[in-house]
Amino acid sequence: MLSVSGLTKRFGGFTAVKDVSFSVEEGEILGLIGPNGSGKSTTFNCVAGLYGPSSGSIRLEGREIGGERADRVCHRGIGRTFQIPRPFRNLTLLENVALSAYFGQGGKVDRAQCWRLAEQALDLVGLPVDPRAGTDGLGAAALKKLELARALATQPRLLLADESLNGLDQGEMEGAADMLRRIRAERGLTIVWVEHIMGVLMRVVDRVVVLDHGEVIFSGRPAEAQADRRVIEVYLGAEES
Ligand SMILES: Nc1ncnc2c1ncn2[C@@H]1O[C@H](COP(=O)(O)OP(=O)(O)O)[C@@H](O)[C@H]1O
Ligand SMILES: [Mg+2]
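Residues numbered from 1 in each chain as written. Chains lettered and ligands numbered in written order. Predicted model: local features only at pLDDT ≥ 70, side-chain atom pairs only at ≥ 80, totals over all residues.

### Some remarks on the site of ligand 1
Filter applied, for reference: Only the C-beta atom matters for nearness: placed from the backbone, it must lie within 6 Å of the molecule or strand for the residue to count as near. Think of it this way: any DSSP run of H or I at least four residues long counts as a helix, any run of E at least two long counts as a strand, and we number them from the N terminus. Asp, Glu, Lys and Arg are counted as charged, while Ala, Val, Leu, Ile, Met, Phe, Trp, Tyr, Cys and Pro are counted as nonpolar; the rest, among them Gly, fall into the polar class.
Taken together, Phe11, Phe14, Ala16, Gly34, Asn36, Gly37, Ser38, Gly39, Lys40, Ser41 and Thr42 make up the full set of residues near ligand 1. For the shell around ligand 1, the elements supplying multiple residues, two or more each, are strand S2 (14–24) and helix H1 (40–47). Considering each element in turn, the shell around ligand 1 owes the most residues, three residues, to H1. Tallied by class, residues from the shell around ligand 1 come to three nonpolar, seven polar and one charged.

Printed below as a string of structure tokens:
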């Protein structure tokens, strides 16, 4: 479904992502992990059109999308969450998600349908569909859910989820991981899930790509990743023998 090949992103003289290649099969959940600053969000932002790649290719179902505008990428079927949720605080939950349904489909949809899509997305992530519910007092877990609902309301085929577990406690993390599985099953989605910790992600993903300093150091099954010398070094800081 998605094929990233030789992706490089430079900010001035600094290379944040260097010659990164990976692919995502339809229907799979791919984990993209690595320590803070390893280039995960930058890779996401290149795929989602927030940044143009310095070089390399990004293909969605065979079609080049590298360098396309974020809104066009969204209309092609890629939904994304942001690592730091920033909802419209003066709007209700439902309005926040309905806006995504409307603009995420290029405004070419019936408005009544947008409210329905918003209700469905809120329901799917387990947030109140009550039209009066606002964003005040939402904790970290609820904000992450709202972020997911906003992405889902754009009706993506491929969902990019950036650090959906960050700031959650263990129980909330388990719940969020199960929710991603459920969303895949119910919506038939393909998911790329970024996280800096391995934890519960490893039990949910089909495959994992590990980044370190902007480069891919491992790609394969979760169980193999946990036994890989370089991955262990990056995560545990083990000494070279
Ligand atoms: N817009 C930017 N301008 C300059 N440097 C950036 C920018 N975005 C990210 N970086 C740098 O690129 C590196 C990778 O960042 P990022 O992709 O956010 O890492 P991760 O998501 O894996 O924590 C970091 O060193 C970060 O400081
Ligand atoms: Mg990040």
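Still more to cover.
### So, the environment of alanine 161
For the record, the criterion: Partly exposed residues are those whose C-beta has more than 12 but fewer than 20 other C-beta atoms within 10 Å; 20 or more makes a residue buried and 12 or fewer makes it exposed, with C-beta atoms placed from the backbone. Distance between backbone-placed C-beta atoms decides contact: two residues are in contact if it is within 7 Å.
By the secondary structure assignment, alanine 161 is in strand S7 (residues 158–162). The buried category is assigned to alanine 161, around which 25 C-beta atoms lie within 10 Å. Along the primary structure alanine 161 and arginine 80 are separated by 81 residues, whereas in three dimensions their C-alpha atoms are 5.8 Å apart. Beyond its immediate chain neighbours, meaning those up to four positions away, alanine 161 contacts Thr81, Leu148, Leu180, Ile191, Trp193 and Val194.

### Notes on the sheet that holds strand S8 (residues 190–195)
Strand pairing in a sheet relies on backbone hydrogen bonds. The paired strands run either parallel or antiparallel. For the record, the criterion: The criterion for strand pairing is that DSSP finds at least two bridges linking the strands in question. For every element, the axis is a line fit to its C-alpha atoms; helices are fit only across the contacting stretch, and the angle between N-to-C directions ranges from 0 to 180 degrees.
Pairing within the open sheet is mixed, and its six strands lie in the order S6-S7-S8-S3-S9-S10. Two strands lie at the open edges of the sheet, namely strand S6 (78–80) and strand S10 (215–220), each paired on one side alone. Sheet twist, expressed as the mean angle between neighbouring strand axes with direction ignored, is 15°. Summarising the sheet, strand S3 (residues 29–33) and S8 pair through five bridges and their orientation is parallel. When the bridges of S8 are listed, leucine 30 appears paired with valine 192. Sheet strands touched by H1: S3, S6, S7, S8 and strand S9 (207–212). Its angle to S7, the strand with the most contacts, is close to 150°. Running at roughly 125° to S10, helix H9 (residues 229–236) makes contact with S9 and S10 of the sheet.

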